[in-house]
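Okay, here's what each chain looks like letter by letter:
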Amino acid sequence: MIIRKFLFAALLLTTSSVAHAEAVGWDPAAWELEESDIQPADGWVFGKLENGMRYIIRHNERPEGTALVRMLVHAGALDENDEERGFAHYVEHMAFNGSTNVPEGEMVKLLERLGLAFGADTNASTGFEYTEYKLDLPRADEDLLGTALMLMRETASELTITPEAVERERGVVLSERRVRNTYALQNFVDGLEFTYPEGRMPARLPIGTVETLEAATATGLRRFWEREYIPSSTTLVVVGDYDPAKVEAAIRARFADWKPAVSPDQPSPGPVDPAYADAYDIYTHPALDESVTLMRHAAFVDAPDTVAARQQETLRQVASGIIGRRMSREAQKEDPPFRGAFLQLSEQDNLSRTTRLTVVTEDGGWQRGLDAAVDQYRRAMEYGFTAAEVAEQVANIRNSLENSAAQEPTRSNGGWLGAALATAQGNSVPDSAANRLAQFEAMADTISPEAVLGAMKDGWPELAAPLVRFTGKAAPEGGEGALRAAVAAAYARKVDAPPQEAVTEFGYTDFGAPGKIVSDTMSERLDIRTLRFANGVMLNLKPTTLEKDRVAVQLGIDGGRLVDSKDKPLGTELFGRLVAGGLGKHSLDQLQTLLAGRSVGGNISVEDDRFAMSGNTTPKDLEFQLQVLAAFVSDPGYRAEGLGAWRQSLPAFFARLDKTPSSAFGEAMRKIVTDGDPRFSRQPLESYLALDYGSLRDAISDRLTRGAIEIAVVGDFDQQKAIDAVARTLGALPPREANFRSYDQGERQRSFTKERGLKIVRHGGEKDQALVNLMWPTADDSDWERSTRLTLLGRIVRLMVTDTLREELGKTYGSEVDTTQSEVWTGFGTFMVGAQVDVKDIAATHGALVSVIEKLRAEPVDPDLLKRALQPVLESFDNRLKSNGGWMGYVDRAQSKPEDIERFITAKERYSAVTPEQIMETARTYLDPAGAVEFHVIPEGQ
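Residues numbered from 1 in each chain as written. Predicted model: local features only at pLDDT ≥ 70, side-chain atom pairs only at ≥ 80, totals over all residues. Heavy atoms only, no water.

> Lay out the sheet that holds strand β16 (residues 603-606) in plain terms, naming residues and giving numbers.
Think of a sheet as strands paired side by side through backbone hydrogen bonds, with each pair either parallel or antiparallel. As summarised here, the arrangement of the 7 strands in space is β12-β13-β14-β18-β15-β17-β16, forming an open sheet in which the pairing is mixed. One side of each edge strand has no neighbouring strand; the edge strands of this open sheet are β12 (517-522) and β16. Averaged over neighbouring strand pairs, the angle between their axes works out to 15° when direction is ignored. Sheet topology places β12 next to strand β13 (residues 529-533); 5 bridges connect them, and they run antiparallel. Note on β13: the bridge partner recorded for Thr521 is Thr530. (Pairing = 2+ DSSP bridges. Helix = DSSP H or I, 4+ residues; strand = E, 2+ residues; numbered from the N terminus. Axes fitted to C-alpha atoms, helices over the stretch in contact; angles between N-to-C directions.)

Dropping the structure here:
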């Protein structure tokens, strides 16, 4: 959970959300934005109580009938004294452990009964400057809002923080610190210490220290909470399907009597000396990628959010985009000098502006990568940018802004929430997308190569005499001296002007005669239109008004991992790299240029039984999206350059696999439970290095050429135009199989080992980290009733294990429960329960897990526990079809798997009918402790 009054009763009877069309209550001084020349968009409601607490409200209907509630407290790790390190995060934990009106342990249970799942809908996070409390309301009814505001007020001013609760939670907080204490966190800390040697942040990680956490007392935590949790440091945000006037009245009724107080100003995260330069740091760990980062700081400038500031930021965005394209062009070579390189300007409030050039290379390749990345940086600084490069970025920015403006009427709660939180932190005024587009268009003609270069030089600290940080598995040969010499040589070398790239026309607009429709029907349930073309291609359409000017496209081709065999288990491994290989007529780099200013996606993945391609687009670009998908089906490029960076990344990837308990478990588990079936377990590094596009072509070419295709289109589109576009693209391809293959039982076979009992797995992480896991075979998902009970059993076990390990024993920060029933592999399913714990707690954890399972097998589950597990599931069904993404789950296979629609429609009734006795019987059937595969993942050498 780490990382940023009744006086209105008469008004409530007569005021609706329509009355709040204009922004209400805006006072820029209240939000530290008084120097801005920008006004908020219509529809926002701002306010400040007499005690100093602020609030932001936004009525929104996407998803309909839902809402988000956030409480942002300007109190984080930077506010802690030396003896308080970790207290901000500890207090966040205590918010769930008792208050004046909510007994300890009841807050989460109360929310679960109301349909909010812990973690998914109920959460919190603590950062350096802020602590944020989060509730996602599945229903926008007044009672649930009242409960949410009541809980936020309890957290703000009514926590009990008893010694007993603090002691019980201590193990959980220490467990979270232990779980997060990986090579990645240690590398992050070393980077902070080098980057900000005199700053406060390196010594104020939100997770705290073992010493301060072990010494924490209820008195000390309460002192921090009372000092920092005050009205003037708190902002409440409510975004969703509520009348703002009612929300405002409810906020005032709940928080107006919170007594004002004064808290010390938050200390600066600095200082940072802009003269800090020419320093070197080398940090090694066996799991780290090899990388070199060059940095320089400049003084922080607290620039107001103005039109002029945004225009300068736009120019810098263009510069950043161009340099990013140049870097990616290098990384897309067959033998790239680096796996990735990134130039960025970061701003830390009240600390610094920092330019960073980071290059990630294969092991031993740091100097070659550094040379290439520095060349690109210096080329930009010396020669600037070409008109064509600027035009490409301008087209992309304009397209993004136009899409945002067109889609704003159906913007999601989450989108509005981000704008509200930015305002709460004093960063920006929440104006409209149309206004941002107008601001851009007003300056578009002035975005020249000269202006872009000028903004880059003006806004970014130049990387002269840089700070240099190296990470890797081993220090570079020659150490700091070698790094220093390499940097000096890179800066001394002459660089040439950037080449002028020719722009071509997209080569895939004619796929032959448009396909003929041979079938056109409407599904009996959910009104999904299903069509079939003469060549066998299936098309499923669902127009919606949920997301204006936005269209989701999903394409599935028969095959997937079913194509793999034990003899050739990696046949489809490279399918996810298909886009990187470009098209027959265009490289990936050329495609990126051709797609500039267009809304076209190219997500490609391999699933168990199909190859999937998808993209989000707009009505005007829908046909172009379909042309791109049809091109990848009919003429993938298989260019070797698409594998260069991937192949370089493999040794580093393999080196990380056993460096944490969870990753070591994942690797070992797949191999053990499948008896080493090569289709479902990691193969040796050499096997992956040997792969090329030729092997992928051999594995998938038949499926791309002949395999059944099913296309789904969901969103804001004209049906006839969509049908015509498909007819001219995928519908025009040569004939293919009409249906997805059934495949034989051998191809669908996936076994679960008969060797049960204890398995010891070693990991190369910290010596106090361990993992305990129990795993059983279950069944596939062909029986709807059985799948329902297994899924609900999994949710119940999660609650029981959390109550036992976290709340009662204080042994672990989080448990893992997972139940799966395969749609593809006959008879295959698994049930898994486990937790990451301290090595010394392995035996106690094992005992706690087994006791939970034995209790479930011995007696019917408590009805209240069943309700807590069930209610969030029922709420999820009610909200499933309130987004295009939710619809896509049923539209994408409406012809090949029409039963999924009926399964969804009947799901709520099926889940509601499950009884405590059926849960007990399911546990007895599948979860015999003596029949489990038990994993103990322990450190190497123990």
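> Quick rundown of empty space enclosed by the protein? Include the residues and the values.
Approximately 90 Å³ is the volume attributed to the largest cavity. Around the largest cavity, the lining residues are Ala95, Phe96, Met107, Leu111, Thr122, Asn123, Tyr133, Lys134, Leu135, Leu151, Met152 and Thr155. When contributions to the lining of the largest cavity are tallied by element, the ones reaching two or more residues are α3 (107-113), β4 (122-126), β5 (131-137) and α4 (142-157). For the lining of the largest cavity, a count of residues per class yields 8 nonpolar, 3 polar and 1 charged. (1 Å grid on protein atoms, 1.4 Å probe; cavity = no way out; pocket = protein on both sides within 12 Å on 5 of 7 lines; lining within 4 Å. Points joined across faces, edges and corners; volume = space filled by probe spheres on them. Nonpolar A, V, L, I, M, F, W, Y, C, P; charged D, E, K, R; others polar.)

> Tell me about the nonpolar core, residues and numbers included.
Judged by nonpolar contacts, the single largest core of 62 residues is most densely connected at Leu539, Leu555, Phe575, Met613, Ile700, Ile711 and Leu730. Here this core takes 9 residues from helix α18 (residues 622-634), the largest share from any one element. Those residues in contact with Leu730 that lie beyond four places of it in its chain are Asn535, Val537, Leu555, Leu626, Ala630, Val633, Ile709 and Ile711. Formed by 57 residues, the second largest nonpolar core is a distinct cluster that contains Ile528, Leu865, Tyr890 and Ile901. (Core = buried A, V, L, I, M, F, W, Y, C linked by side-chain atoms within 4.5 Å. Buried < 20%, exposed > 50% of the residue type's maximum accessible area, 1.4 Å probe, protein only. Contact = heavy atoms within 4.5 Å.)

> Provide a residue-level description of the pattern of salt bridges, including the pertinent values.
The full count for this structure, using the stated rule, is 68 salt bridges. For the salt bridge of Asp190 with Arg469, the shortest nitrogen-to-oxygen distance reads 2.8 Å. Of the two residues, Asp190 is situated in helix α6 (residues 183-195) and Arg469 in strand β11 (residues 467-472); the sequence distance between them amounts to 279 residues. On the accessibility criterion, Asp190 (16% relative accessible area) is buried. For Arg469, a relative accessible area of 10% gives the class buried. Across the pair Asp702 and Arg703 runs a salt bridge, and its minimum N-O distance is 2.8 Å. (Salt bridge = Lys/Arg side-chain N within 4 Å of Asp/Glu carboxyl O.)

> With reference to specific residues and values, describe the sheet that holds strand β3 (residues 67-73).
The sheet built from 6 strands is open, its strands ordered β1-β2-β6-β3-β5-β4 with mixed pairing. Edge strands, defined here as strands with exactly one partner in the open sheet, are β1 (44-48) and β4. Recorded for the sheet is a direction-independent mean angle of 15° between the axes of neighbouring strands. Here β3 pairs with strand β6 (residues 234-240) via 7 bridges, running antiparallel. The residue bridging Leu68 from the neighbouring strand is Val239, located in β6. Of the strands in this sheet, β3, β5 and β6 are in contact with α4, which crosses β5 at around 165°.

> Could you give an account of a negative patch on the surface, naming the residues involved and the relevant values?
Taken together, the side chains of Asp27, Glu32, Glu34, Glu35 and Asp302 present a region of like negative charge at the surface. Within the secondary structure, Glu32 sits in the loop between α1 (9-14) and β1. (Patch = residues over 30% accessible without salt bridge, like charges linked within 9 Å, V, L, I, M, F, W, Y side chains within 5 Å. Areas by Shrake-Rupley, 256 points an atom, 1.4 Å probe, with all protein chains shown as cover. Lys, Arg positive; Asp, Glu negative; His and termini not counted. Charge placed at Lys NZ, Arg CZ, Asp CG, Glu CD.)

> Pulling in residues and values, what's your account of unusual backbone geometry?
Omega for the peptide link from Arg62 to Pro63 comes to -5°, which places this bond in the cis form. Topologically, Pro63 is positioned in the loop between β2 (54-59) and β3. Note the cis peptide between Gly270 and Pro271, where omega equals 10°. Relative to the helices and strands, Pro271 resides in the loop between α9 (244-255) and β7 (280-284). The phi torsion at Glu32 lies on the positive side, around 55°, for a residue other than glycine. Even without being glycine, Asn350 reaches a positive phi, approximately 60°.

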